[in-house]
There are 2 protein chains.
Amino acid sequence: MLHWDMSAMMPSGGYEARTEQLTALNAIAHNQLTAKDMPDLLDAADADTSLNSWQMTNLKEIRQTLLKATALSESLVEALTRASAACEEKWRAARPDNDYASILPELNTLLDLVRETGQAKADVLGLDLHDAMLDDFEPGGRVAEIDILFDDLSAFLPEFIGQVLEHQASKPVPIMPKGPFPIEKQQTLGKHFMKTLGFDFDHGRLDVSLHPFCGGVPDDVRITTRYDEEDFTSALMGILHETGHALYERGLPKEWRTQPVGQSLGMSTHESQSLLIEMQVCRSAAFLEYASPIMKETMGGSGPMWETDNLLRLYSNVKPDFIRVDADEVTYPAHVILRHRIEKSVISGNLLLQDLPGAWNDGMEELLGITPPDDRLGCLQDVHWYDGAWGYFPTYTLGAMTAAQLYHAAKQQDSSIEAEISKGNFCAAINLASKKCSQQGSFCYAARDID
Amino acid sequence: MLHWDMSAMMPSGGYEARTEQLTALNAIAHNQLTAKDMPDLLDAADADTSLNSWQMTNLKEIRQTLLKATALSESLVEALTRASAACEEKWRAARPDNDYASILPELNTLLDLVRETGQAKADVLGLDLHDAMLDDFEPGGRVAEIDILFDDLSAFLPEFIGQVLEHQASKPVPIMPKGPFPIEKQQTLGKHFMKTLGFDFDHGRLDVSLHPFCGGVPDDVRITTRYDEEDFTSALMGILHETGHALYERGLPKEWRTQPVGQSLGMSTHESQSLLIEMQVCRSAAFLEYASPIMKETMGGSGPMWETDNLLRLYSNVKPDFIRVDADEVTYPAHVILRHRIEKSVISGNLLLQDLPGAWNDGMEELLGITPPDDRLGCLQDVHWYDGAWGYFPTYTLGAMTAAQLYHAAKQQDSSIEAEISKGNFCAAINLASKKCSQQGSFCYAARDID
């Protein structure tokens, strides 16, 4: 909640006090987890022969969390929290100012602490550094496995992107509806689709932040977006993306809500849910058949650009561009592969942070054939590295792959899914591809070594 | 921050999760304060002969807080937090529904816990129950002293109110500017005066809640109001009131911010600061000379009702009415005396909660000659009793008395104060009557037995 507030509500002058609050809470949580009697309590629980598989899995999850936590001193946890808040705060100014140099001292401090934390976990988990960092976001994930997937993808993508662009060139050029689109109307439109998809406003909110995200707790899910008065599709797709995250959180098993096994199953699964809604469901012809008249009416639009076919071409338009969160489904993986490669170089010590902008621009040129004109459209665009989330990015593309497979499987199980979506009925899609997933919590993954 | 969010942002379905969060945090804070090594640490600190008077006062404050805290078990703290959140949540529906009966079970549970908590503190402090409850809001305050003041006041008030009403009748009847006044314009107006008074929006926010309040931390002060489209004066005066609280919080000594001696000096001092701004400064002829053209322009008003004289008559109009927060300076104490008398009866066991609405209405008739038509305008109007704040109300009138004395003293020290206010310059008033006060933290009070 404090994180949500920090991004969506807090005035800039509150950040010092907030950093202290977050630092104190993280330190307390760390101390409670690593309390002296915890191992005995766990042993006693393990000795109970009446436990069901959820309970056993839960204990296993606690042990894993504890193992990581005991590797860290309270002072390291505090220092990391402080450095991460300080660097994120700096990023908020550095991004609009296009000033990477200004953030470098904070980023170096933060990365040192991220590395120290990762190494401490790596030692107890018997992993190498990058794997240990990845493990926080993708439990059980390994860099070597991701490399296989990403190498495959980066070998396939350039030619495929070329084919897509060629195919696209034979079709009418999508026309962008002309703004300005008042923020209020964009909100109305976003909330309309959120409700249709099943977002419950008695248990959540929609607000504005610089970097859209989904936060809060399952009973009170807070999502954010950012509005562009010239382009209503950007905020809308952001809202639909975060709605996917929100539905997943909201659907986590209620009876395990306060236990590790009831939490989300890592970030790639989380991302599979947001992309299921954004990319699979809400960029489909079926969705636009239902949604385009509503978009047209809410925005008071008229003319051929509001036809379903045009909007579909607009929503599925492929164009190599600079911003990851605005990227289409085809070029998106290139953005992630770039970040994963840079993370590998930085974490292994082969790339210094001061050289990151250059490496970024070179990578964009190699993967997508374009060079960002500045760091605002380059390495400053995402908050992740600046709030300490190194090792996070691959989960986006792992999530995209999972989303496509989930939606494909759902359509095979129920052939009426697309017909229903075109009528604005998302029940079947949500039940088969989203609820089934969220109701597992982290049970599937964590249980795999038990049975 | 979580309390602010609960009132200003949280969707209704979040309250169970929020209750658990607040309960956990209160229990943790309680456990940290009452940790086993605390007495030894305090003894060691006391033995340090180099302490200055702020440090000594700080230690004294910690001992007092610890004394009260050790009187309470963790389970009692948890139960009270839970009951208070549950009852407040219920109140949010009971008030608009005008349904006192619906809240009675939660209120009875809450009062039992408030009483148990108060009695535990009373035992260690050597006070009787009501004094111990009062002490949480007015450190060192005693019911017997308040009774002397309030008896004096209630003997004086009825005749005085009569005189005021008679005098008022000889003047033109104030005319209420006609709405509707769009909420956006009211916000603009409120924020304008907040800024002029010195509220720093880099260190605070203005939002909306059912019951206006000031929350947050000194570096990030959150105030709220509620808007009435037919009457812009109500939200505006609420905003100015909370701005007074905010300026006090913001002005607390920075070097003692995380220590008890750096906290506010009880609720009557806090209230003296809000009433200094609302009642003393912002209902004065000087203020309206400056403010009325701005009000007129922002609201796009015209006609005689926007003249300074009329607005002054409106702002200083005396009328016995039902709602405390909307009451004028003259009838306000009657609202507080009523609540103080009811608290005495309830706490002593002479009045059962089920009979509270009747006692309320009888008291209103006796003190102000009017009977509320329903409990919404009667005993359901204020949140305090429903979130566990029994013993709080007298601080409003103690604060009003303090505010009048502070402003009087300030005007004696600097005779140009009112002339400056009429030009929109509040520096002298704020410096002499507000900053001097806030910069003391709770030092004055707590130090009085030391030197």
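Residues numbered from 1 in each chain as written. Chains lettered and ligands numbered in written order. Predicted model: local features only at pLDDT ≥ 70, side-chain atom pairs only at ≥ 80, totals over all residues. Heavy atoms only, no water.

A. Structural detail: the sheet that holds strand β3 (residues 220-225) of chain B. Residue and element names in this part refer to chain B. If you trace the three strands from one edge of the open sheet to the other, you get β1-β3-β2, paired in mixed fashion. Each edge of the open sheet is held by one strand with a lone partner, namely β1 (204-208) and β2 (214-217). Adjacent strand axes in the sheet meet at a mean angle of 20°, parallel and antiparallel pairs treated alike. Against the sheet, helix α10 (residues 232-251) engages β1, β2 and β3, with an angle of about 165° to β3. (Pairing = 2+ DSSP bridges. Helix = DSSP H or I, 4+ residues; strand = E, 2+ residues; numbered from the N terminus. Axes fitted to C-alpha atoms, helices over the stretch in contact; angles between N-to-C directions. Contact = heavy atoms within 4.5 Å.)

B. Fine view of the sheet that holds strand β2 (residues 214-217) of chain A. Residue and element names in this part refer to chain A. One open sheet holds the three strands; their spatial order is β1-β3-β2, and the pairing between them is mixed. Looking at strand neighbours, the two that pair on one side only are β1 (204-208) and β2, the edges of this open sheet. Adjacent strand axes in the sheet meet at a mean angle of 20°, parallel and antiparallel pairs treated alike. Pairing of β1 with strand β3 (residues 220-225) involves five bridges; the strand directions are parallel. When the bridges of β3 are listed, Leu206 appears paired with Ile223.

C. Molecular detail of the interface of chain B and chain A. Residue-level contacts link 25 residues of chain B with 25 residues of chain A. Taken together, both faces of the contact between chain B and chain A bury some 1800 Å²; the carbon and sulfur share is 57%. Between the two partners, chain B and chain A, sit four salt bridges. The salt bridge involving Arg18 of chain A is made with Asp220 of chain B; its shortest N-O contact spans 3.9 Å. Taken together, chain B and chain A are joined by eight residue pairs in polar contact (both at pLDDT 80 or more). A per-element tally of the side of chain B that touches chain A places helix α2 (residues 15-33) of chain B first, with six residues. (Buried area = accessible area lost by both parts, 1.4 Å probe. Salt bridge = Lys/Arg side-chain N within 4 Å of Asp/Glu carboxyl O. Polar contact = N/O pair within 3.5 Å; in protein donor to acceptor, adjacent residues only side chain to side chain.)

D. Looking closely at the nonpolar core. Grouped together as the largest cluster of nonpolar side chains are 59 residues, with contacts concentrated most on Tyr100, Leu353, Leu356, Tyr386 and Trp390 of chain A. Where this core is concerned, the elements lending two or more residues are α5 (74-97), α6 (100-125), α7 (129-135), α8 (143-169), α14 (332-347), α15 (356-368) and α16 (394-413) of chain A. If sequence neighbours within four positions are ignored, Leu353 of chain A has contacts with Tyr100, Leu104, Leu107, Asn108, Leu111, Val346 and Trp390 of chain A. Grouped together as the second largest cluster of nonpolar side chains are 58 residues, Tyr100, Ile337, Val346 and Val383 of chain B included. (Core = buried A, V, L, I, M, F, W, Y, C linked by side-chain atoms within 4.5 Å. Buried < 20%, exposed > 50% of the residue type's maximum accessible area, 1.4 Å probe, protein only.)

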